[in-house]
Amino acid sequence: MPKDMFRDIVDPTVKVGSQQWYTVPVSILVHTAAVLALIVIPLMAADVLPTPPSMLAFAAAPPPPPPPPPPPPPPQQAAPKPVVEVNPAAAPVEAPREIAPEPPDTSFERAEPAGIAGGVIGGVVGGIPEAPPPPPPPPAAPVRVGGNIKPPMKTKDVRPTYPPIAQSARVQGVVIIEATIGPNGKVQDARVLRSIPLLDAAALDAVRQWEFTPTLLNGVPVPVIMTVTVQFTLS
């Protein structure tokens, strides 16, 4: 059947010269329609051609919605302002625009006289009714060195003369003497506490020539009693 169908195209039985002019185009259209029918009808019977619903399957899925925006960051708390301590006694940094006059001082009008009874305004505050008592008189008898009484410092020293008889006898040692020093620092009296008979006189004679700084008691020079030593040594 296909050979017979296409034979008219290769070897047309209708000649142009003998037939009408429109017979050839009509024949071509008829054969084309027949060929298309032979191709399309079997495809439709086998469900090969896509249907409109299946065409939607090939369509791309819509994109997912965009993610929600991130939450805004929490507001930052303002840093506390530092507290500046103001010293009321500090000097001002800037000069004041105006200086108000100070009110007059009327405190003296309300103040009572201070000090002793019968005082006057403008007197010394906290005045005393009478002058302080004078210091007690210095003691008549000499005081012994010790405690608050410090020993005086020697300002003049005289070495004792070694007696020739003591040197011949080879006598040596320490003589202890108790001396009374007057307010002027000179030795007023001396007596032997530890004796070496051959050396006592020479020791007393040397001590009586010593001089000391005056000893003060309540700011007044006083006589004192102190112990001194005189040493005799043979070379």
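These lines cover the structure that appears in this document, whether it is placed above or below. (Residues numbered from 1 in each chain as written. Predicted model: local features only at pLDDT ≥ 70, side-chain atom pairs only at ≥ 80, totals over all residues. Heavy atoms only, no water.)

**A look at the overall build of the chain**
Applicable threshold: Put simply, DSSP marks the helices as runs of H or I at least four residues long and the strands as runs of E at least two long, and each gets a number from the N terminus on. The contact criterion used throughout is that any non-hydrogen atoms of two residues lie within 4.5 Å. Values of accessible area rely on a 1.4 Å probe in the Shrake-Rupley scheme; residue burial ignores everything except the protein chains shown.
Scanning the chain from terminus to terminus reveals six helices and eight strands. In the chain, the order of α-helices and β-strands from amino to carboxyl end is α-α-α-α-β-β-α-β-β-α-β-β-β-β. Restricting the contact set of the chain to residue pairs at least 6 apart, pairs at least 24 apart contribute 67%. Carbon and sulfur atoms form 64% of the exposed surface of the chain, whose accessible area is close to 19500 Å².

**Brief notes about the packing of aromatic side chains**
Geometry of an aromatic ring pair is reported as the spacing of the ring centres plus the angle between the planes. The test is simple: Put simply, two rings from Phe, Tyr or Trp (the six-membered ring, in Trp's case) pair if the centres are within 6.5 Å, and we call them stacked under 30 degrees between planes, edge-to-face over 60, tilted for the rest. The cut-offs for exposure are 20% and 50% of the maximum accessible area for each residue type, with area from a 1.4 Å probe on protein chains only; residues under the lower value are buried, those over the upper are exposed, and the others partly exposed.
Evaluated as defined, the whole model comprises one aromatic pair. An angle of 90° between the planes, with centres 5.5 Å apart, marks the rings of tyrosine 162 and phenylalanine 232 as edge-to-face. Taken together, the residues tyrosine 162 in the loop between β2 (154-156) and α5 (164-168) and phenylalanine 232 in strand β8 (residues 224-232) connect sequence positions 70 residues apart. By relative accessible area, phenylalanine 232 is classed as buried at 3%.

**Regarding the nonpolar core**
Cut-off, in case you're wondering: Only buried residues count toward a nonpolar core. Its members are Ala, Val, Leu, Ile, Met, Phe, Trp, Tyr and Cys residues joined through side-chain atoms within 4.5 Å.
Core analysis: the biggest nonpolar cluster contains 27 residues, and Val175, Ile177, Leu199, Val207, Trp210, Val230 and Phe232 have the highest contact counts within it. Of all the secondary structure elements, the ones that give two or more residues to this core are β3 (173-181), β4 (187-194), α6 (200-207) and β8. Looking at which element gives the most residues to this core, the answer is β8, with five residues. Other than its neighbours up to four places away in sequence, leucine 199 contacts Tyr162, Pro163, Ala166, Val171, Gln172, Gly173, Val175 and Phe232.

**Notes on the pattern of salt bridges**
Short version of the rule: Definition used for salt bridges: Asp or Glu carboxyl oxygen within 4 Å of a side-chain nitrogen of Lys or Arg.
All chains considered together, the criterion is met by three salt bridges. The partner of glutamate 178 in a salt bridge is arginine 144, and the shortest N-O contact between them spans 3.1 Å. Here glutamate 178, found in strand β3, pairs with arginine 144, found in strand β1 (residues 143-144); they are 34 residues apart in sequence, far enough to count as distant. For glutamate 178, a relative accessible area of 11% translates into the label buried.

**Overview of the sheet that holds β8**
Inclusion rule: Between any two strands, pairing holds if DSSP finds at least two bridges. Every axis in this analysis is a line fitted to C-alpha atoms, fitted for helices over the stretch in contact. Angles between the N-to-C directions lie between 0 and 180 degrees.
Read across the sheet, four strands follow the order β1-β8-β3-β4 without closing on themselves; strand pairing throughout is mixed. Only two strands of the sheet have a single partner each, and these edge strands are β1 and β4. In the sheet, β3 pairs with β4 via six bridges, with the strands oriented antiparallel. Each bridged residue has a counterpart across the sheet, and for threonine 180 the counterpart in β4 is aspartate 189. Contacts from α6 reach β3, β4 and β8, with the element oriented near 150° to β4.

**What about a nonpolar patch on the surface?**
Just so we agree on the cut-off: Residues enter patches when they are more than 30% accessible in relative terms and free of salt bridges; like-charged ones are connected within 9 Å and nonpolar ones (Val, Leu, Ile, Met, Phe, Trp, Tyr) within 5 Å.
On the surface, Leu36, Leu38, Ile39, Val40 and Leu43 cluster together into a nonpolar patch covering about 440 Å² of accessible area. With respect to the element layout, valine 40 can be found in helix α2 (residues 23-45). Its relative accessible area of 36% is what places valine 40 among the partly exposed residues.

**Some thoughts on the environment of leucine 217**
Tracing the backbone through its elements, the reader meets leucine 217 in strand β6 (residues 215-217). Separated by 74 residues in the primary sequence, leucine 217 and valine 143 place their C-alpha atoms 9.7 Å from one another.

**Observations concerning the side chain of aspartate 200**
Here aspartate 200 lies in helix α6. Once residues within four sequence positions are removed from consideration, aspartate 200 is found in contact with Val175, Val192, Arg194 and Ser195.

**Overview of unusual backbone geometry**
The backbone of arginine 170 sits at a positive phi, close to 60°, despite the residue not being glycine. Positionally, arginine 170 belongs in the loop between α5 and β3. Not every positive phi belongs to a glycine, and asparagine 218 is a case in point at roughly 60°. Along the polypeptide, asparagine 218 turns up in the loop between β6 and β7 (220-222).

Scope: geometric values only; no functional claims are made or implied.
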